[in-house]
Amino acid sequence: MGFGLSDSSLLRPQAFINGEWVDAKSGAEYPIINPANGEVISHVADVGQFEAKNAIEAAQTSMELWKLKSPTDRSNVLQRWHDLIIANAGDLASILTLEQGKPLAEAKGEILYGASYLKWFAEEAKRIYGDILPSAQDRRSLVIKQPVGVVAAITPWNFPNAMIARKVAPALAAGCTVVLKPAPETPLSALALAELAVRAGVPAGVFNVLPCLKAEEVGGVFTASPIVKKLTFTGSTPVGKLLLRQCADTVKRTSMELGGNAPVIIFNDADIDLAVAGALASKFRNAGQTCICANRLLVQEGIYDRFLAKFTEAIQAFCLGDGFDAKTTLGPVITEKALNGIGSLVKGALGQGARLVTGGKPVESDGWFYEPTVLADVQADMDIFSEEIFGPVAPVIKFKTDTDAIAMANDTSFGLASYIYTQDISRIWQVSEALEYGMVGVNETAISSELIPFGGVKESGHGREGSKYGLDDYLETKYICMGGLNA
Ligand code: SIN
């Protein structure tokens with residue numbers, strides 16, 4: 001296996017534990033499949049409980065030294081890791097497209113996005129401040145920040161690089177060590193990051209990667225371990241709930257970045273071209289497989305027909321195909337199971353009275369492609385209104401008043417991202433404040449970056465990733481009372 005990479009040593013099919021590349025003790029391996037053509041890319045070690053326990057112990061031992069390194073030393077390591085990611089961005093993007101399917105240009109964008117978290121937290125490592133609080137005459141009250149401890153991270157397949165960087169960078173900056181279980185579908189991107197971590201000088205045991213097919217087995221070791229002090233997870237809400245229940249026994253700190261059901265509310269006074277472009281970019285990014293993808297397009301009645309026509313016309317320009325083809329603007333979905341799930345949701349919506357405007361079926365091919373699809377006249381009582389679609393399907397819903405739009409937008413157990421399109425400044429404030437979401441994009445759907453606190457409310461989870469708030473999730477606050485000062 002070489003796949004035209006400049007540096008084929010970035011393709012690592014083993015687990016990475018305590019600074020060493022290892023096979024599963026059982027000898028088990030599993031195939032990684034290219035979703036664009038169903039071909040096996042590579043076989044990767046399929047580790048289990050034994051390796052997970054070893055990795056946790058290594059992370060515990062290495063933390064003793066890592067947390068004592070100066071902030072500048074930790075910062076320098078993260079900065080070197082960032083620089084190596086940038087230097088190898090082309091290869092990392094190719095690995096990502098191979099195992100995940102997104103178009104190569106989008107994969108390159110993800111690599112730069114992921115690297116931005118390393119750079120950001122390399123800088124933030126030097127800004128972990130405490131406080132001196134107002135105190136009585138005979139004492140001084142201080143607050144210091146300390147690393148939470150060993151962190152277990154479980155990351156998804158939709159951003160096989162950036163979601164790792166977004167967790168590992170703040171953890172390492174804070175002085176924690178990490179044991180990572182990447183998604184079974186996309187371990188190669190994680191393992192390539194580990195290879196670059198070695199070259200950057202991340203000490204043995206500080207970052208460990210456990211590829212595995214049976215996620216529950218390794219996840220169970222993470223949640224049961226008293227050594228693991230924090231679990232950070234990006235994935236579905238049902239799995240997040242299960243992990244939260246499992247973490248209760250050891251009362252772990254948790255960060256949960258879970259599902260979404262993002263509304264894009266387009267008011268009559270919206271700049272229609274801006275709204276079409278924003279909805280399109282959000283809905284079809286990564287073939288609709290992001291937690292912050294437009295999941296429901298709520299369009300006011302006065303602009304509904306015009307929006308639908310322009311949006312549908314714009315969709316015709318998408319070029320479906322293998323991510324390595326320069327013409328491709330829309331890749332496959334991740335698995336056959338995902339493809340079938342999207343098909344069932346569309347069928348269900350049509351059965352419940354939605355109108356098919358374009359698309360509506362899988363594409364005949366060896367890969368897992370679904371046509372970009374628009375469903376009009378979707379109603380709040382249809383299943384597709386409440387489900388996270390995770391595919392290139394846009395349900396469009398008509399509304400009359402601002403109150404209706406807010407009620408519909410909030411009529412979901414999710415609360416991750418939401419978007420509004422309007423030119424009215426009062427409406428911008430009223431609606432932004434009324435939306436029960438962790439993030440609101442106003443006349444903008446490209447809201448993600450290392451500079452902002454990414455995260456949700458309600459059943460979309462808790463904790464924030466990125467920005468000055470992103471370190472808090474990896475720090476404990478300790479109060480120290482110095483008394484007897486007048487004695
Ligand atoms: C996600 O889908 O969970 C992440 C999307 C982003 O970071 O923009």
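Presented here is a report on the structure given in the accompanying data block. Everything numeric in this text was worked out from a predicted model, so none of it was measured.

1. Comments concerning the overall build of the protein chain
- When helices and strands are counted, the protein chain shows 14 helices and 20 strands.
- In terms of overall size, the protein chain behaves like a compact globule, its C-alpha atoms giving a radius of gyration of 23 Å where 487 residues would be expected to give roughly 23 Å.
- Considered along the principal axes of its C-alpha atoms, the protein chain spans approximately 75 × 65 × 40 Å.
- The 487 residues of the protein chain split such that 56% are buried.

2. Thoughts on the site of the ligand
- Within the structure, the ligand sits among Tyr113, Asn158, Phe159, Met163, Arg166, Glu257, Arg285, Thr290, Cys291, Ile292, Ser448 and Phe454.
- Between an oxygen atom of the ligand and a side-chain N or O atom of serine 448, the distance comes to 2.5 Å.
- Coverage of the ligand by the protein chains reaches 100% of its 260 Å² of free accessible surface.
- The residue makeup of the shell around the ligand, split by class, is six nonpolar, three polar and three charged.

3. Describing the pattern of salt bridges
- Under the defined criterion, the tally for this structure stands at 22 salt bridges.
- Aspartate 473 is the partner of lysine 230 in a salt bridge, and the nearest nitrogen-oxygen pair spans 3.7 Å. Here lysine 230, found in strand 10 (residues 228–234), pairs with aspartate 473, found in the loop between strand 19 (461–462) and strand 20 (475–482); they are 243 residues apart in sequence, far enough to count as distant.
- Exposure remark for lysine 230: the relative accessible area of 0% places this residue in the buried category.

4. Some remarks on the nonpolar core
- Judged by nonpolar contacts, the single largest core of 63 residues is most densely connected at Trp81, Ile85, Leu172, Val178 and Phe207.
- With ten residues, the top contributor of residues to this core is helix 5 (residues 162–174).
- In this structure isoleucine 85 touches Leu92, Ile111, Ala115, Leu118, Leu193 and Leu196, once residues within four positions along its chain are discounted.
- Counting residues in each nonpolar core, the second largest holds 38 residues, with Ile266, Ile272, Phe307 and Ile447 among its members.

5. Some words on unusual backbone geometry
- Even without glycine at this site, asparagine 18 takes up a positive phi of about 55°.
- With respect to the helices, strands and loops of the structure, asparagine 18 is situated in the loop between strand 1 (15–17) and strand 2 (20–22).
- Non-glycine residue asparagine 443 carries a positive phi angle of around 55°.
- Turning to its location among the elements, asparagine 443 is positioned in the loop between strand 18 (439–442) and strand 19.

6. As for the pairing of strand 17 (residues 417–421)
- In terms of burial, strand 17 is largely enclosed, as five of its five residues are buried.
- On strand 17, burial covers both faces: Ala417, Tyr419 and Tyr421 on one face and Ser418 and Ile420 on the other are all buried.
- In this structure, strand 12 (residues 262–266) lies alongside strand 17, joined through three bridges in parallel fashion. Its bridge partner being in strand 17, isoleucine 266 is matched across the sheet by tyrosine 421.
- Of the pairings in the sheet, the one linking strand 17 to strand 18 comprises four bridges and is parallel in character.

7. Let's talk about helix 5
- With 13 residues, helix 5 ought to run about 18 Å at 1.5 Å a step, and its terminal C-alpha atoms sit 19 Å apart, in line with that.
- Across the 13 residues that make up helix 5, a large majority, 13, are buried.

8. Some points on the sheet that holds strand 20
- Read across the sheet, three strands follow the order 5-6-20 without closing on themselves; strand pairing throughout is antiparallel. The sheet is open, and its two borders are formed by strand 5 (131–133) and strand 20, each paired with just one other strand. Each strand axis lies, on average, 25° off the axis of its neighbour in the sheet, ignoring direction.
- Where strand 5 and strand 6 (residues 140–147) come together, three bridges link them in antiparallel fashion. Counted as the bridge partner of isoleucine 132 is leucine 142 from strand 6.

9. Quick look at the sheet that holds strand 14 (residues 355–358)
- A sheet is described by the order of its strands in space; here seven strands give the open sequence 14-15-16-13-12-17-18, paired in mixed fashion. A strand with exactly one partner marks an edge of an open sheet, and here the two such strands are strand 14 and strand 18. Taking each pair of neighbouring strands and ignoring which way they run, the sheet shows an average axis angle of 25°.
- Set on the sheet, helix 10 (residues 304–315) makes contact with strand 12, strand 13 (294–300), strand 14, strand 15 (373–376) and strand 16 (393–399); between it and strand 15 the angle comes to about 165°.
- Packing of helix 13 (residues 402–410) onto the sheet brings it into contact with strand 12, strand 13 and strand 16, and relative to strand 13 it is tilted by some 165°.

10. Notes on helix 7 (residues 215–224)
- All buried positions along helix 7 are accounted for by Val218, Gly219, Val221, Phe222 and Thr223.
- Where helix 7 is buried, its residues touch helix 1 (49–66), strand 7 (150–154), strand 8 (178–181), strand 10 and helix 8 (237–247).

11. Some words on the packing of helix 1 against helix 7
- Between helix 1 and helix 7, whose axes approach to 9 Å, the crossing angle comes to 35°. In this structure, the crossing between helix 1 and helix 7 has a hand that is right-handed. The residues of helix 7 that touch helix 1, namely those facing Gln49, Ala52, Lys53 and Ile56, are Glu217, Val218, Val221 and Phe222.
- Of the residues belonging to the contact of helix 1 with helix 7, the class tally is five nonpolar, one polar and two charged.

12. Brief notes about the packing of aromatic side chains
- Under the counting rule described, the total for this entry stands at eight aromatic pairs.
- What links up through ring pairs into an aromatic cluster is the set Phe284, Phe307, Phe311 and Phe318.
- For lysine 102, the ring lying beneath its charged end belongs to phenylalanine 159, and the centroid distance is 4.0 Å.
- The ring of phenylalanine 454 has arginine 166 lying over it, and the distance from NZ or CZ to the ring centre is 3.9 Å.

13. Looking at the pairing of strand 16
- Taken across its seven residues, strand 16 has six buried, putting it largely inside the fold.
- Where strand 13 lies against strand 16, four bridges are found, and the strand directions are parallel. The partner of valine 299 across the bridge, within strand 16, is lysine 398.
- Where strand 15 and strand 16 come together, three bridges link them in parallel fashion. When the bridges of strand 16 are listed, leucine 375 appears paired with proline 395.

About the criteria used
- Numbers given for residues are sequential positions, taken from 1 along each chain in its written order.
- At least 70 in pLDDT is required for a residue's local features to be given in this predicted model, at least 80 for side-chain atom pairs to be given and counted, and no such filter applies to totals for whole chains, interfaces and linings, which use all residues.
- Only hydrogens and water are removed before side-chain values are computed, so all heavy atoms of the structure are retained for them.
- Only DSSP runs of H or I reaching four residues or more are called helices, and only runs of E reaching two or more are called strands; each is numbered from the N terminus.
- Throughout, radius of gyration means the C-alpha value; the globule benchmark is 2.2 Å times the number of residues raised to the power 0.38.
- Between buried and exposed lies partly exposed: a residue is buried under 20% and exposed over 50% of the maximum accessible area for its type, with that area taken using a 1.4 Å probe on protein chains only.
- Nearness here has a simple test: a residue counts as near a molecule or strand if at least one of its heavy atoms is within 4 Å of that partner.
- Whenever a nitrogen or oxygen atom comes within 3.5 Å of another N or O atom, the pair is scored as a polar contact, on the condition that within protein one atom can donate a hydrogen and the other can accept it, and that pairs from neighbouring residues in sequence are kept only if both atoms are in side chains.
- Accessibility throughout is a Shrake-Rupley quantity obtained with a 1.4 Å probe, and a residue counts as covered only by protein chains that appear here.
- Amino acids are sorted into nonpolar (Ala, Val, Leu, Ile, Met, Phe, Trp, Tyr, Cys and Pro), charged (Asp, Glu, Lys and Arg) and polar (every other residue, Gly among them).
- By definition, a salt bridge exists where a carboxyl oxygen of Asp or Glu is found within 4 Å of a side-chain nitrogen of Lys or Arg.
- What makes a nonpolar core is a set of buried Ala, Val, Leu, Ile, Met, Phe, Trp, Tyr and Cys residues whose side-chain atoms join them at distances within 4.5 Å.
- By definition in these notes, contact holds between two residues if any of their heavy atoms fall within 4.5 Å.
- Strand pairing requires that DSSP identify at least two bridges connecting the strands.
- A helix is expected to reach a length of 1.5 Å times the quantity of its residues less one.
- Here the axes come from fitting lines to C-alpha atoms, over the contacting stretch only for helices, and the angles between their N-to-C directions go from 0 to 180 degrees.
- Helix crossings fall into two classes, left-handed where the near helix is turned counterclockwise from the far one by less than a right angle and right-handed where it is turned clockwise.
- Each aromatic pair joins two rings of Phe, Tyr and Trp (for Trp, the six-membered one) with centres within 6.5 Å, and gets the label stacked for planes under 30 degrees apart, edge-to-face for over 60, and tilted for any other angle.
- A ring is considered to have a charge above it if a Lys NZ or an Arg CZ atom is located within 6 Å of its centre and within 35 degrees of its normal.

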